[in-house]
Amino acid sequence: MATRLVQINMKAQDDSALGRFWAEALGWGVDSEGPGVTNLEPVGFAYPDPSAVCIDLIARPEPKTAKNRVHLDLATTSAAHQAELVARLRDLGATLADIGQGDVPWTVMADPEGNEFCVLEPRPLYRDTGPIAAVVVDCTDPRAMARFWDGAMDWKLHEVGDDQASMRSSQGVGPYLEFVRTPDTKTGWNRVHLDVSPYRGDDPAAEAARLRALGATDPGIDQSGISWTILADPEGNEFCLLSPR
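None of the values given here were measured: they were computed from a predicted structure. (Residues numbered from 1 in each chain as written. Predicted model: local features only at pLDDT ≥ 70, side-chain atom pairs only at ≥ 80, totals over all residues. Heavy atoms only, no water.)

Asks: In this structure, what is going on with the sheet that holds strand 10 (residues 156-160)? I would like to understand it.
Replies: Sheet strands line up and pair through hydrogen bonds in the backbone, either parallel or antiparallel. The strand order across the open sheet formed by eight strands is 6-7-8-5-9-12-11-10, and the pairing between neighbours is mixed. Among the strands making up the open sheet, the edge pair consists of strand 6 (95-96) and strand 10. In this structure, strand 7 (residues 107-110) lies alongside strand 8 (residues 116-119), joined through four bridges in antiparallel fashion. For T107, the partnering residue across the bridge sits in strand 8 and is V119. Sheet contacts for helix 3 (residues 142-152): strand 9 (132-139), strand 10, strand 11 (164-168) and strand 12 (176-181); angle to strand 12, the most-contacted strand, approximately 150°. (Pairing = 2+ DSSP bridges. Helix = DSSP H or I, 4+ residues; strand = E, 2+ residues; numbered from the N terminus. Contact = heavy atoms within 4.5 Å. Axes fitted to C-alpha atoms, helices over the stretch in contact; angles between N-to-C directions.)

Asks: I would appreciate a short explanation of the packing of aromatic side chains in the present structure.
Replies: The geometry of two aromatic rings is summed up by the distance between their centres and the angle between their planes. Counted by the stated rule, this structure contains seven aromatic pairs. The interplanar angle of 55° and the centroid separation of 6.4 Å between the aromatic rings of F21 and F117 together place this pair among those described as tilted. Within this pair, whereas F21 is found in helix 1 (residues 15-26), its partner F117 is found in strand 8, the two being separated by 96 residues in sequence. In this structure, F21 and F117 share a single accessibility class: buried. One aromatic cluster in this structure is built from F21, W22 and F117. Cation over ring: R4 sits above Y199, and NZ or CZ is 4.0 Å from the ring centre. (Phe/Tyr/Trp six-rings, centres within 6.5 Å; stacked < 30°, edge-to-face > 60°. Buried < 20%, exposed > 50% of the residue type's maximum accessible area, 1.4 Å probe, protein only. Lys NZ or Arg CZ within 6 Å of the ring centre and 35° of its normal.)

Written out as structure tokens, the structure reads:
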């Protein structure tokens, strides 16, 4: 058994407005499975497919109060493309952000609700990822995070070091999942988190047990009213185990 990363879950005070921003930013389509939920995926996409990691925006009244532990890195193909994308995102409502990055070749921005993301300078590594180059998770121990997620998912490890680790779908398509060492500590619930799914025919309860054996923990909340399972990785980052599709 194994899981695969299928989407990013992002809390939003206005899921429809934030969904429109990200749909325009990525060139994706917008849908909704119900009130307070906005779903984003590439036009013509057949979910789930490793060529893209989708985004679900879920309405929550609480404002963002701290730097997110999970963010998106956007890919560009040239210096001109990077400048054009930054300008277009600012026109859509994004702002430049200072998180202490200093003088770096990428541009740190925040969406209209303050969620940080990066517009990367052109890098050959991300030439075929689509608009999202990587989903980045802040952590204190990239090696330990890589060990857990390598066991949790059937993705392939590409780099494991003291400061950064990365993995990608075993089919060699779509964005990377990267773990980056940061000095920050987790405070409160993550407004942005990973959603993973077992494969069709796998038993979700058995998969949840397997993830716990690998080091996942239960966040200690009432889950009786939901059809999925909420777990936390070894550094306490919440993630959802969805039903197979």
